Amino acid sequence: MIDNSSSEMPSHDVLLVGGGGAGLRAAIAVSEVDPNLSVAVVSKVYPMRSHTVSAEGGAAAVIKEGDSLEEHAYDTISGGDWMCDQDAVELFVNEAPGEMLQLEHWGCPWSREPDGRVAVRPFGGMKKERTWFAADKTGFHMLHALFQTSLKYRSITRYDEWFVTRLLVEDGRVQGVVAIELMTGRIQAITAKSVIICTGGCGKVFPFTTNANIKNGDGMALAYRAGVPLKDMEFVQYHPTGLPFTGILITEASRAEGGFLINKDGYRYLQDYDLGTPQPKPVLRSMELGPRDRLSQAFMKELDKGRTLEGPYGPYVHLDLTHLGKKIIDTKLPFVRELCLKYENIDPVSQLIPVRPVVHYMMGGVHTDIQGATPLAGLFAAGEVACVSINGANRLGSNSLTELLVFGARAGRAAAEYALQNKPVSAGIEAQAADEKKRLEREFLHKRSGTEPIAVLRGEMQSTMEKSAGIYRTGALLEEAQADIAELKERFRQVAIQDHSHTFNTELMAALELSYMLDVAEAVVECALQRTESRGAHQRTDFPRRDDERFLAHSLVSHRTGDRPEVEYLPVTITRWPPGERVYGRPAAKTPPG
Amino acid sequence: MAETITIEVARYRPEQEGEPTLQSYEVPFSKDWVVLDALNYIKDHVDGSLSFRWSCRMGVCGSCGMTVNGEPKLTCATFLSHYLPGPIRVEPLQNFPVVRDLIIEMTDFLEKLQSVKPWIVREDDPAPAKGEFLQTPEQLDNYKQFSMCINCMICYAACPVYGLDPQFAGPAAIALAQRYNLDSRDQGEQERMDVLSQHEGIWGCTFVGECTEVCPKNVDPAGAIQQYKLAATKEWFKSFLMPWSKP
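Computed from a predicted structure; not experimentally measured.

1. A closer look at the overall build of chain B
Helix and strand content of chain B: 9 helices and 7 strands. Projecting the C-alpha coordinates of chain B onto the three principal axes gives extents of approximately 70 × 40 × 30 Å. Looking at the 247 residues of chain B, the share that counts as buried comes to 47%.

As structure tokens, then:
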């Protein structure tokens, strides 16, 4: 039932869009700055459904003797092909152990050593063992520990299953959101002195992804439409090991525990791609423990050579865990076994797992500084939706869960400080909210003339993105994609909505999510087209070399109504690690500083 | 092999109809498809108004619990091939108010979860910078299985006590209370005991064990409830025999 008496707007000090790992960590951080600050967590799903729940392998933080912050920083920066801002990386590795220990104190069931200390495992691109884990359900346990801990803070108000459609911006600062309460269909403005976007990634822009159904780039599009630039959107991470058809992730931890990637001849093909020589046991920063971009690219080259296998859902290779034995698999990788048994009818104890690269993570996102602040006053962002940037051109596995904590906490503290300045809500906000309600009714709820089915438009967008903005890209294909996305955006104006009811209207939500994804797709394609070099996860076959001269810089893409988006560049911050060669599986020519 | 299969779906649109009805859809059959894939096929290609919750499609977010041929199931982990030749009937989870179609109202659980204090309670509050609380793998194993709950509500749908007495805290909330009680880092057992002892419903649980039976994550809520009852009985005897010993 739509509430027509829009007079009362709920009001909070800090409002979070999204209630996953970053959002909940931020909410707690606000409460810890000042328990009198009222915090709203607005999420389109119950927080424990958030996609953090699907993360498997672990979270990186230096904790063991023999490891160092410098090494974690160097692994991250070289893994990111020197696109990371090094000041951000330095504070990230510095604050990571404290945040992980805090989560331990909040009850996260980290796997342990026999003496009771936290255990760590190896991970791709990391030179030392520093990945904390809770078996292979790390994200699940982190999310539930954060959610359950958040329940003790009385200052946190949850808006569960509220879908945000717009940021309210007036007098040059963000002052709240408009959201639909799904249960009732009520369209409501909620005001706040500061807003933190924590909505995660946008994997569903592509057809084959590990991402959950809810990952539609909502927060990226909300910021983009409000005039905030998106940063480094061309860098899309393919994870090398997803199950065909479902795209279910088989964690990198399965390789860290000693799994092999083999082609149709049973050959450990990574040795042909400058990733080292095969050893029976896993070697750090080598072979199967190389970085994700290089492993996914190696798969494509195997495909070109005709050395992959062919199945009903396309080409694949094998992940072999059989030599690990049942005991290791059941203690370290129980979820991998469960997923394989349940979804592929395969037992990894005795059988090979079919895998192929799958869209997994956005290195890019809403442009923020190291406090999580965006260029729009009062607006902050943290987690996958944001680009600080610590992930550069290729994120290392197990850095993203830690990133949620470090930058969720930072954004929470900064947004709390901003809210304490106590600026009043501008007079124009109510009218703006009323306009947004009218827009939703006119363009979606009351519209009966639409002819373009949501699923058709979404499917065409996804295949366009896979064809043009996949693991290898060319200028010609990206130009085609640019025209295709523009056409899809035009056709979206005639989107067909069959469901006109107010109660839990999931079709309306799907249409709004598609409009977000089209904006994100436009940004990805534009940035990929303009970056005429190859770096990390962005590989242009027409420009195969890294070009530090022109492109040691972040792309910042801004929305231009009725026109192509505009791309500008911002130099990468270099502190102690000058750009060098990315070396895996062999000694570096020169020892990195540290 | 069958080329299509019939899915009978419970429809309920409160703005249109007074009570739920069943609607049949023919969907393509694939051995790789789960019930959720069939529902998505219907939503994308036949009837965009069909409403249900789902997200991860890998059995960990807990969104897509529904009643499939009379049993509560995660629809992302329930294969069409299991029900050949069909039809397959899909309804909302039992024991909950229905919002619309396959969507149930679960705020009651969220309130109950919060009431059992599912967080680490400690008298001291050592700074994290001083290092982790030590916890051996054996101590972790004491509570680990209770920490695997994904809040999918399948145990509530199967629980005969919750069906009769909505005041009952219910299987998942009690399992999660026990998850913290058994955690070597926690000191809040007494506080949670005080909360749960206000819930008469717990004594109505006669160890039917339906909750444990249906749990898709192999959590044993029935075991947690029995452990609680044993502890509460001991507590009662202690307060009866040694009233001075109660903290």
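2. A look at the sheet that holds strand 16 (residues 365-367) of chain A
All names here are of chain A. Across the sheet, 5 strands lie side by side as 18-16-10-21-22; this open sheet has mixed pairing. Strand pairing shows two members of the sheet lacking a second neighbour, strand 18 (386-387) and strand 22 (566-571), which therefore form its edges. Direction of pairing for strand 16 relative to strand 18: parallel, over a ladder of 2 bridges. Paired with Val366 across the strands is Ala386, a residue of strand 18. Against the sheet, helix 14 (residues 506-530) engages strand 10 (230-231), strand 21 (553-558) and strand 22, with an angle of about 140 degrees to strand 21.

3. Remarks on the packing of helix 6 (residues 171-181) of chain B against helix 7 (residues 189-197) of chain B
All names here are of chain B. Across the interface, helix 6 lies against helix 7 with an axial gap of 9 Å and an inter-helix angle of 160 degrees. Taken together, helix 6 and helix 7 sit at an angle that is classed as roughly antiparallel. In this structure, helix 6 crosses over helix 7, and the sense of that crossing is left-handed. Across the interface between the two elements, Ile174, Ala177 and Asn181 from helix 6 touch Glu189, Arg192 and Leu196 from helix 7.

4. Remarks on the domain arrangement of chain B
Residue and element names in this part refer to chain B. Along its sequence, chain B is organised into domain 1 (4-104) and domain 2 (107-245). Put simply, the middle of domain 1 and the middle of domain 2, counted by C-alpha atoms, are 31 Å apart. Counting from both sides, the interface comprises 11 residues of domain 1 and, opposite them, 13 residues of domain 2. Within the residue set of the side of domain 1 that touches domain 2, elements represented by two or more residues are strand 3 (65-68) and strand 4 (71-74). Taken together, the residues of the side of domain 1 that touches domain 2 sort by class into 5 nonpolar, 6 polar and no charged.

5. Points about the interface of chain B and chain A
Facing the 43 residues of chain B at the interface are 43 residues of chain A. Where the side of chain B that touches chain A is concerned, the elements lending two or more residues are helix 1 (35-45), strand 6 (98-100) and helix 3 (137-144) of chain B. Here the residues of the side of chain B that touches chain A are counted per class, giving 19 nonpolar, 14 polar and 10 charged.

6. Topic: the sheet that holds strand 3 of chain B
All names here are of chain B. The 5 strands are arranged 2-1-5-3-4 in an open sheet whose pairing can be described as mixed. Each end of this open sheet is capped by a strand with a single partner; those strands are strand 2 (21-28) and strand 4. Recorded for the sheet is a direction-independent mean angle of 35 degrees between the axes of neighbouring strands. Where helix 1 meets the sheet, its contacts fall on strand 1 (4-11), strand 2, strand 3 and strand 5 (88-91), and the angle it forms with strand 2 comes to roughly 95 degrees.

7. Focus: helix 9 (residues 334-344) of chain A
All names here are of chain A. For helix 9, every residue scored as buried is listed here: Phe335, Val336, Arg337, Leu339, Cys340, Tyr343 and Glu344. Packed against the buried residues of helix 9 are helix 6 (253-256), helix 8 (325-332) and strand 15 (353-362). Immediately beyond the C-terminal end of helix 9, within one or two residues, lies Asn345, with a positive phi of roughly 55 degrees.

8. Focus on the pairing of strand 2 (residues 39-43) of chain A
Residues and elements named next belong to chain A. The element strand 2 is extensively covered by neighbouring structure, given that 5 of its 5 residues are classed as buried. Residues Val39, Val41 and Ser43 of strand 2 are buried on one face, and the alternating residues Ala40 and Val42, pointing to the opposite face, are buried as well. At this point the chain moves from strand 1 (residues 11-17), through helix 1 (residues 21-33), to the parallel strand 2, and the crossover so formed is right-handed. Both strand 2 and strand 6 (residues 156-160) contribute to a ladder of 5 bridges, which runs parallel. Across the sheet, Val39 pairs through a bridge with Ile156, a residue of strand 6.

9. Considering the environment of Met9 of chain A
Residue and element names in this part refer to chain A. Tracing the backbone through its elements, the reader meets Met9 in the segment before strand 1. Between the alpha carbons of Met9 and Thr374 there is a distance of 25 Å; along the sequence they are 365 residues apart. In contact with Met9, not counting residues within four places along its chain, are Ala189, Ile190, Thr191 and Glu430.

10. Section: the environment of Ser78 of chain A
Residues and elements named next belong to chain A. Tracing the backbone through its elements, the reader meets Ser78 in helix 2 (residues 69-79). A tally of 26 C-beta atoms within 10 Å means that Ser78 is categorised as buried. Distance in space between the C-alpha atoms of Ser78 and Leu518 is 32 Å, their sequence separation being 440 residues.

11. Here we look at the nonpolar core
If you look at the biggest cluster of nonpolar residues, it comprises 266 residues, and the most contacted ones within it are Val14, Leu16, Ala26, Val42, Val177 and Ile196 of chain A. Among the elements that make up this core, the one with the highest residue count is helix 14 of chain A (17 residues). Summarising the domain contributions, this core has at least three residues from each of domain 1 (4-104) and domain 2 (107-245) of chain B.

12. Brief notes about helix 1 of chain A
Residue and element names in this part refer to chain A. Taking 1.5 Å of rise per residue, the 13 residues of helix 1 would be expected to cover 18 Å, and the 19 Å separating its terminal C-alpha atoms lies within 8% of that figure. Of all 13 residues in helix 1, 11 are buried; the element is thus mostly enclosed. All buried positions along helix 1 are accounted for by Gly21, Ala22, Gly23, Leu24, Arg25, Ala26, Ala27, Ile28, Ala29, Val30 and Ser31. Elements in contact with the buried residues of helix 1: strand 1, strand 2, helix 4 (138-150), strand 6, strand 9 (186-197) and helix 10 (399-420).

13. Comments concerning the environment of Gln23 of chain B
By the secondary structure assignment, Gln23 of chain B is in strand 2. Through-space distance from the C-alpha of Gln23 of chain B to that of Arg89 of chain B is 9.5 Å; in sequence the pair is 66 residues apart.

14. Details of the packing of helix 3 (residues 86-105) of chain A against helix 10 of chain A
In a packed pair of helices, the relevant descriptors are the angle between the two axes and the axis-to-axis distance. All names here are of chain A. Running from N to C, helix 3 and helix 10 cross one another at 95 degrees; their axes reach a closest spacing of 9 Å. It follows that helix 3 is roughly perpendicular to helix 10 by the angle criterion. On the side of helix 3, the interface is formed by Phe92, Glu95, Ala96, Glu99, Met100 and Leu103, while helix 10 contributes Thr402, Glu403, Leu405, Val406 and Ala409.

Rules used throughout
- Residues numbered from 1 in each chain as written.
- Chains lettered and ligands numbered in written order.
- Predicted model: local features only at pLDDT ≥ 70, side-chain atom pairs only at ≥ 80, totals over all residues.
- Helix = DSSP H or I, 4+ residues; strand = E, 2+ residues; numbered from the N terminus.
- Buried ≥ 20, exposed ≤ 12 C-beta atoms within 10 Å, placed from the backbone.
- Pairing = 2+ DSSP bridges.
- Contact = placed C-beta atoms within 7 Å.
- Axes fitted to C-alpha atoms, helices over the stretch in contact; angles between N-to-C directions.
- Parallel < 35°, antiparallel > 145°, perpendicular 65-115°, else oblique.
- Left-handed = near helix turned anticlockwise from the far one by under 90°.
- Domains from an automatic or database assignment.
- Nonpolar A, V, L, I, M, F, W, Y, C, P; charged D, E, K, R; others polar.
- Right-handed = clockwise from strand over helix to strand, strands pointing away.
- Core = buried A, V, L, I, M, F, W, Y, C linked by C-beta atoms within 7 Å.
- Expected span 1.5 Å × (residues − 1).

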